[in-house]
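Structural characterization, general
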Amino acid sequence: VRDNELRTRLERGERVTCGWLSSDSRYIAEVLSHAGYDAVTVDLQHGMFGLDGAVQLLQAVGAGPAMPMARCHTLDRAVIGKLLDGGAYGIICPEIDSIEECEALVAACRYPPVGVRSFGPARGLLYGGPDYAARANETILVWAMIESAAALEALDGILGVDGLDGVYIGPNDLALSLGEAGGAAESSPHTRAAIERIVTVSKAAGRFVGGFAPAVATAHWMIELGVDLVTPGNDVQLLKQAVRQRLQEVDVPTPSSP
Ligand code: 3PY
Ligand code: MG
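Residues numbered from 1 in each chain as written. Chains lettered and ligands numbered in written order. Predicted model: local features only at pLDDT ≥ 70, side-chain atom pairs only at ≥ 80, totals over all residues. Heavy atoms only, no water.

1. Quick notes on the coordination of the magnesium ion (ligand 2)
Spelled out, the test is: Atoms of type N, O and S within 2.8 Å of a metal are treated as its donors, and for Na, K and Ca the window is 3.2 Å; water is not considered, so some sites may appear to be missing partners. Only DSSP runs of H or I with at least four residues qualify as helices, and only runs of E with at least two residues qualify as strands; both kinds are numbered from the N terminus onward. Working definition: with a 1.4 Å probe on protein chains only, accessible area under 20% of the residue-type maximum means buried, over 50% means exposed, and in between means partly exposed.
Protein coordination at the magnesium ion (ligand 2): the donors are Glu147 (OE) and Asp173 (OD), at 2.1 Å from the metal. Of this pair, Glu147 sits in the loop between strand 5 (141–146) and helix 8 (149–153) while Asp173 sits in helix 10 (residues 171–177), and the two are 26 residues apart along the sequence. The class of Glu147 is buried, set by a relative accessible area of 5%.

Listed below in structure tokens is the structure:
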């Protein structure tokens, strides 16, 4: 089977980067895959595309060297199975708030007898190779997103779920759930303390930890905390920032916008 280089590198203790695709463009997906990230996540939750589009974007990511991962939009076996059959080598599932939800996530990503993934590997076979189905269980990375007060409460139990590879921090929803503003990871001691705890406890439990870092300073801070995987912004944020910077450089005033 094609090696999941992301898993290999994480298991070696290396830090990895993950691009984040929210635009509905196979070309941008392919560009990101060649841009230097170790992995690129196709974001079905907040990306501007649906399930069919996500599979095409996985094909485009797979055309370059980055490992293709997908963030599903819901904890649903059928959706997760389709993304895996589409060639995702990792699943990041939002809003995992309990042990039961984490167990359901792991089961959705693994073939029996370990889990309940339905057989029909489709494009997984093309991307992974003829022995994909036999090796998928140990190849696919499963990440549970920790992004709520409930998840913080249940964290020890979630980390104990067999077969979970890692947790992925969603700082914006986490801040909202803690009663703060969406961007509080950049400023609020309360949200930052929660993130620090997630990293410490997860590493102590032997799980990988990843996180979304909207700002450069947040990425630096998460790396100092010891995250294994960092997502330094998404494609659209980076594009917009680059455009604004270029317009400033050529002295064209830019209106303020969100
Ligand atoms: C969050 O910050 O809530 C996320 O889900 C990041 O993608
Ligand atoms: Mg979120």
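2. Some thoughts on the site of ligand 1
Just so we agree on the cut-off: When at least one non-hydrogen atom of a residue lies within 4 Å of a molecule or strand, that residue is treated as near it. The definition of a polar contact used here is a pair of N or O atoms within 3.5 Å, where within protein one atom must be able to donate a hydrogen and the other to accept one, and adjacent residues in sequence count solely through side-chain atom pairs. We get accessible surface area from the Shrake-Rupley algorithm with a probe of 1.4 Å; when it comes to residues, only the shown protein chains can shield them. Ten residue types, Ala, Val, Leu, Ile, Met, Phe, Trp, Tyr, Cys and Pro, are classed as nonpolar, four, Asp, Glu, Lys and Arg, as charged, and the remainder, Gly among them, as polar.
Residues in close proximity to ligand 1 include Arg71, Met145, Glu147, Gly170, Pro171, Asn172, Asp173 and Phe212, which together make up its full environment. A distance of 3.1 Å is found between an oxygen atom of ligand 1 and a side-chain nitrogen or oxygen belonging to Glu147. With respect to ligand 1, the backbone of Asp173 contributes an N or O atom lying 2.9 Å from an oxygen atom. Protein chains shield 94% of the accessible area of ligand 1, which is 230 Å² for the free molecule. No other element matches helix 10, which puts three residues into the shell around ligand 1. For the shell around ligand 1, the residue count by class is three nonpolar, two polar and three charged.

3. Examining the pairing of strand 7 (residues 208–212)
Threshold: One bridge is not enough; two strands pair if DSSP finds at least two bridges between them.
Buried residues dominate strand 7, accounting for five of its five residues. Where strand 6 (residues 166–169) lies against strand 7, four bridges are found, and the strand directions are parallel. When the sheet's bridge partners are listed, Ile169 is paired in strand 7 with Gly211. Relative to strand 8 (residues 229–231), strand 7 runs parallel, the two being bridged by three bridges. Looking at the pairing, Phe212 lines up with Thr231 of strand 8.

4. Focus on helix 3 (residues 51–62)
Rules: To estimate how far a helix should reach, multiply one less than its number of residues by 1.5 Å. Throughout, a residue-residue contact means that at least one pair of heavy atoms, one from each residue, lies within 4.5 Å.
In this model helix 3 runs 17 Å from its N-terminal to its C-terminal C-alpha over 12 residues, within 8% of the 16 Å that 1.5 Å per residue would give. Residues of helix 3 that are buried: Gly53, Ala54, Leu57, Leu58, Ala60, Val61 and Gly62. Packed against the buried residues of helix 3 are strand 1 (16–21), helix 2 (26–33), strand 2 (39–43), strand 3 (67–71), helix 4 (77–85) and helix 6 (123–128).

5. Some remarks on a nonpolar patch on the surface
Selection criterion: Patch definition: residues with relative accessible area over 30% and no salt bridge; like charges joined within 9 Å; nonpolar side chains (Val, Leu, Ile, Met, Phe, Trp, Tyr) joined within 5 Å. We count a salt bridge whenever a side-chain nitrogen from Lys or Arg sits within 4 Å of a carboxyl oxygen from Asp or Glu.
Taken together, the side chains of Leu239, Val243, Leu247, Val250 and Val252 present a nonpolar region at the surface, about 400 Å² in accessible area. Here Val252 is to be found in the segment after helix 13 (235–249).

6. Observations regarding the nonpolar core
The criterion, for reference: To qualify as a nonpolar core, a set must consist of buried Ala, Val, Leu, Ile, Met, Phe, Trp, Tyr and Cys residues joined through side-chain atoms within 4.5 Å.
Counting 77 residues, the largest nonpolar core has Leu6, Leu83, Ile91, Leu105 and Trp143 as the members making the most contacts within it. The element best represented in this core is strand 5, accounting for six residues. Excluding its chain neighbours within four sequence positions, the residues that come into contact with Ile91 are Ala70, Cys72, Ile80, Leu83, Leu84, Leu105, Cys109, Leu141, Val142 and Trp143.

7. What about the pairing of strand 2?
Two faces, one strand: in a regular strand the side chains alternate between the faces of the sheet. Note the following rule: For the handedness criterion, the strands are oriented away from the viewer, and a crossover whose path from the first strand over the helix to the second runs clockwise is classed as right-handed.
When you tally the buried positions in strand 2, you get five out of five residues, the bulk of the element. Side chains Ala39, Thr41 and Asp43 of strand 2 all project onto a buried face; the interleaved residues Val40 and Val42 project onto the opposite face, where all are buried too. In this structure, strand 1 lies alongside strand 2, joined through four bridges in parallel fashion. Bridge assignment links Gly19 to a residue of strand 2, and that residue is Val40. As a crossover connection, the stretch from strand 1 through helix 2 into strand 2 is right-handed. Relative to strand 3, strand 2 runs parallel, the two being bridged by five bridges. Residue pairing in the sheet places Val40 in a bridge with Pro68 of strand 3. Chirality of the crossover, the property in question, places the unit of strand 2, helix 3 and strand 3 among those that are right-handed.

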